[in-house]
Amino acid sequence: MATAASSILKTAPFMEMKTQQPTRQMGSVNFVRCKPGGVKSFVVRASAGYADELVKTAKTVASPGRGILAMDESNATCGKRLASIGLENTEANRQAYRTLLVTVPGLGQHVSGAILFEETLYQSTTDGRKIVNVLVEQNIVPGIKVDKGLVPLPGSNNESWCQGLDGLASRAAAYYQQGARFAKWRTVVSIPNGPSALAVTEAAWGLARYAAISQDNGLVPIVEPEILLDGEHGIERTFEVAQKVWAEVFFYLAQNNVLFEGILLKPSMVTPGAESKDRATPEQVADYTLKLLYRRIPPAVPGIMFLSGGQSEVEATQNLNAMNQKPHPWHVSFSYARALQNTCLKTWGGRPENVQAAQEALLTRAKANSLAQLGKYTGEGESEESKKGMFVKGYVY
C-alpha cells in the first residue's frame, strides 16, 4: 500500500519513487589490462539504472543559495543537546525539537536538503504529519545517516574507523522506499594521532564502498572524511593532511566505479587546529581550502557542502562567504548542524512559547549561509551567541 510519503514524493520536482526495479542502462565502461600480451576485458557498472536520478538529486541539493541542514544527531547526541537546555532525552522531546526544525516557514528557500537520523526518517511531527512529507512540501530533499558510528581501529595510533557496511544495501533500499534520496557516512581523521597510513586508507576505502552501495540503491552519497579540529597544529599541517586524505578518497572512489556526478562532498575547511596559537582570517581559510579543492576535487562533482566542525555560527558563515567571492566548478555551500542549530536550540529552551522565536533564529542562520553561498554575506546584525565557538575536544557525533 502506498504511503502518504510515497504520494507526495511522486509529484515532487526532484524525486520520483520507483515501484519496480529500474531498467538497467549501459553505464561507464572501464577497460582493464590483463597480463602482458593478454586481451583487454571490461566491467560495466551495475548501478547505472539510477544514474540519471542520482545526478538530478545531487544537482537539486547543490542549487544556488541553498545548503544542507544536518539534523542527523544520534539519539545519544541529541540527548546531550537536550540536556544542555534542561530536557530529558525522551522520544517525545526529540520529536518536539525535530518538529520545530522542519516546520520553519520558508526554510526551503535556503535549505535544499536535510540529513535525518533513522528514527527521524520514520517519525511524525507532533501534529501527526510525516517528517519526510513536511520536508518535501518545502522542496527539501530528505537524506539519511547510514553509518553506525566510530570504533577503535586495531593496529593504529589510537585512531578510529567507521562501521556500518554490513547490511547497508538492504538498509539503503528501505530508506529509499521511505523517501530518502541521499545518504551520509561520516568518518574521521585525527591529525594529533598521525594520521597513520592505515587510518587514512581505512577511511577512504570505507567511504568508497559506502558510496558505491548507496548509489546502487538510488541514494546520492555524501562523502565525509572529517579532519578533526583537535590539535595545536597550524593551517599548513591541516592542508598537508587534507591533500593526502582526499587523494586517497578519490583513488578508491574511482576503484569502486562511483559516479562522480552523483555524489556530494562534505569536507572540513582547512583551518589551524582548534588549540593552535595561530588563528586564520576567513580569507586565509578560503585561500587554503580552495587550493585544496582545485588540486584534489574533480569538476564533475556537483556540490561541496562544508561541515562546520565546531566553528562558531558566524565563523562558519564568514569562511563560506570568503570562498564564494568568485565562481568555481562546483557548488560551494554548507552542511551545518551546530552552526545552524545552536542559537535556535538555546532560544527554544524546551518551552512551547519560544518555538516561534527559535524558528526565527534558525531561519536567520539559514538566510545568512544562503547569502554566504552566493558570496553576499555582510555579517550585519549578528548576535553575540552566534559568535561563540562550539569546539568540543574529542567530539562524538
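Just so you know, these numbers come straight off a predicted model, no measurement behind them.

Things to note about the overall build of the protein chain
Thinking step 1. When you go through the protein chain residue by residue, the secondary structure sums to 13 helices and twelve strands.
Thinking step 2. When burial is assessed residue by residue, the protein chain has 58% of its 397 residues classed as buried.
Thinking step 3. Summed over its atoms, the accessible surface of the protein chain is roughly 16800 Å², and 53% of this surface lies on carbon and sulfur atoms.

Topic: the pairing of strand β3 (residues 67–71)
Thinking step 1. Among the five residues of β3, five are classified as buried, and the element is accordingly described as predominantly covered.
Thinking step 2. When β3 meets strand β4 (residues 111–116), the two strands line up parallel, connected through five bridges. The residue of β4 that forms the bridge with Gly 67 is Val 111.
Thinking step 3. Here β3 runs beside strand β12 (residues 331–336); their pairing, made up of two bridges, is parallel. The residue of β12 that forms the bridge with Leu 69 is Tyr 336.

Some remarks on the sheet that holds β4
Thinking step 1. Judged by pairing direction, the barrel is parallel, and its eight strands sit side by side in the order β3-β4-β5-β8-β9-β10-β11-β12 before closing back on the first.
Thinking step 2. The pairing of strand β5 (residues 141–145) with strand β8 (residues 182–189) spans three bridges and is classified as parallel. In the sheet register, Gly 143 faces β8, and the bridge partner there is Phe 182.

Digging into helix α7 (residues 168–178)
Because each turn of an α-helix spans 3.6 residues, side chains separated by three or four positions in sequence point in the same direction.
Thinking step 1. Three or more residues of α7 are buried, namely Leu 168, Arg 171, Ala 172, Tyr 175, Tyr 176 and Gln 178. Projected down its long axis, α7 shows its buried positions confined to an angular sector of 160°, all on one face.
Thinking step 2. After α7 finishes, the residue Gly 179 shows a positive phi value of roughly 120°.

Thoughts on the nonpolar core
Thinking step 1. Of all hydrophobic cores here, the largest spans 108 residues; its most connected members are Tyr 210, Phe 250, Leu 253, Leu 265, Ile 297 and Trp 348.
Thinking step 2. A per-element tally of this core places helix α9 (residues 235–255) first, with ten residues.
Thinking step 3. Not counting the four nearest positions on each side in its chain, Leu 253 is found in contact with Leu 207, Ala 208, Ala 211, Val 223, Val 258, Phe 260 and Ile 263.

As for the side chain of Asn 256
Thinking step 1. Mapping Asn 256 onto the fold places it in the loop between α9 and β10 (264–265).
Thinking step 2. Look at Asn 256 and you get buried, because its relative accessible area is 11%.

Quick look at the environment of Val 104
Thinking step 1. Position of Val 104 among the secondary structure elements: in the loop between α4 (91–102) and β4.
Thinking step 2. Overall, Val 104 belongs to the buried group, its relative accessible area being 1%.
Thinking step 3. Residues Val 104 and Gln 359, spaced 255 residues apart in sequence, show a C-alpha to C-alpha distance of 5.5 Å.
Thinking step 4. Those residues in contact with Val 104 that lie beyond four places of it in its chain are Gln 138, Gln 359, Leu 362 and Leu 363.

Things to note about the packing of α4 against helix α12 (residues 338–348)
Thinking step 1. At a closest axis distance of 12 Å, the pairing of α4 and α12 adopts a crossing angle of 120°. Taken together, the axes of α4 and α12 lie oblique to each other. The two elements α4 and α12 meet at a crossing, and its hand is right-handed. Contact residues: Asn 93, Ala 96, Tyr 97, Leu 100 and Leu 101 in α4; Gln 341, Cys 344, Leu 345 and Trp 348 in α12.
Thinking step 2. Grouping the amino acids of the contact of α4 with α12 by side-chain chemistry returns seven nonpolar, two polar and no charged.

Digging into helix α11 (residues 313–323)
Thinking step 1. Of all the eleven residues making up α11, nine are buried; the element is thus mostly covered by neighbouring parts of the structure.
Thinking step 2. Of all the residues in α11, the buried ones are Glu 313, Val 314, Ala 316, Thr 317, Asn 319, Leu 320, Asn 321, Ala 322 and Met 323.
Thinking step 3. The secondary structure elements touched by the buried residues of α11 are α10 (282–296), β11 (303–306), β12, α12 and α13 (355–373).

Side note on the pattern of salt bridges
Thinking step 1. Enumeration according to the criterion identifies eleven salt bridges in this entry.
Thinking step 2. The salt bridge involving Glu 53 is made with Arg 181; its shortest N-O contact spans 3.4 Å. Of this pair, Glu 53 sits in helix α2 (residues 51–61) while Arg 181 sits in the loop between α7 and β8, and the two are 128 residues apart along the sequence. Across this residue pair, the class does not change: Glu 53 and Arg 181 are buried.
Thinking step 3. Among the salt bridges present, the one from Arg 81 reaches Glu 73, with a minimum N-O distance of 2.6 Å.
Thinking step 4. What makes Arg 81 buried here is its relative accessible area of 13%.

Digging into the environment of Ala 247
Thinking step 1. Topologically, Ala 247 is positioned in helix α9.
Thinking step 2. The class of Ala 247 is partly exposed, set by a relative accessible area of 35%.
Thinking step 3. Separated by 43 residues in the primary sequence, Ala 247 and Ala 204 have C-alpha atoms spaced 9.0 Å apart.

With respect to the packing of aromatic side chains
Thinking step 1. Under the definition given, this model contains ten aromatic pairs.
Thinking step 2. Aromatic rings pair up to connect Trp 205, Phe 251 and Tyr 252 into one cluster.
Thinking step 3. Geometry around Tyr 176 places Arg 181 over its ring, the cationic atom sitting 3.8 Å from the centre.
Thinking step 4. We note Lys 291 situated over the ring of Tyr 288; from NZ or CZ to the ring centre the distance is 5.1 Å.

Rules and cut-offs
Residues numbered from 1 in each chain as written. Predicted model: local features only at pLDDT ≥ 70, side-chain atom pairs only at ≥ 80, totals over all residues. Heavy atoms only, no water. Helix = DSSP H or I, 4+ residues; strand = E, 2+ residues; numbered from the N terminus. Buried < 20%, exposed > 50% of the residue type's maximum accessible area, 1.4 Å probe, protein only. Areas by Shrake-Rupley, 256 points an atom, 1.4 Å probe, with all protein chains shown as cover. Pairing = 2+ DSSP bridges. Arc of directions from axis to C-beta. Core = buried A, V, L, I, M, F, W, Y, C linked by side-chain atoms within 4.5 Å. Contact = heavy atoms within 4.5 Å. Axes fitted to C-alpha atoms, helices over the stretch in contact; angles between N-to-C directions. Parallel < 35°, antiparallel > 145°, perpendicular 65-115°, else oblique. Left-handed = near helix turned anticlockwise from the far one by under 90°. Nonpolar A, V, L, I, M, F, W, Y, C, P; charged D, E, K, R; others polar. Salt bridge = Lys/Arg side-chain N within 4 Å of Asp/Glu carboxyl O. Phe/Tyr/Trp six-rings, centres within 6.5 Å; stacked < 30°, edge-to-face > 60°. Lys NZ or Arg CZ within 6 Å of the ring centre and 35° of its normal.

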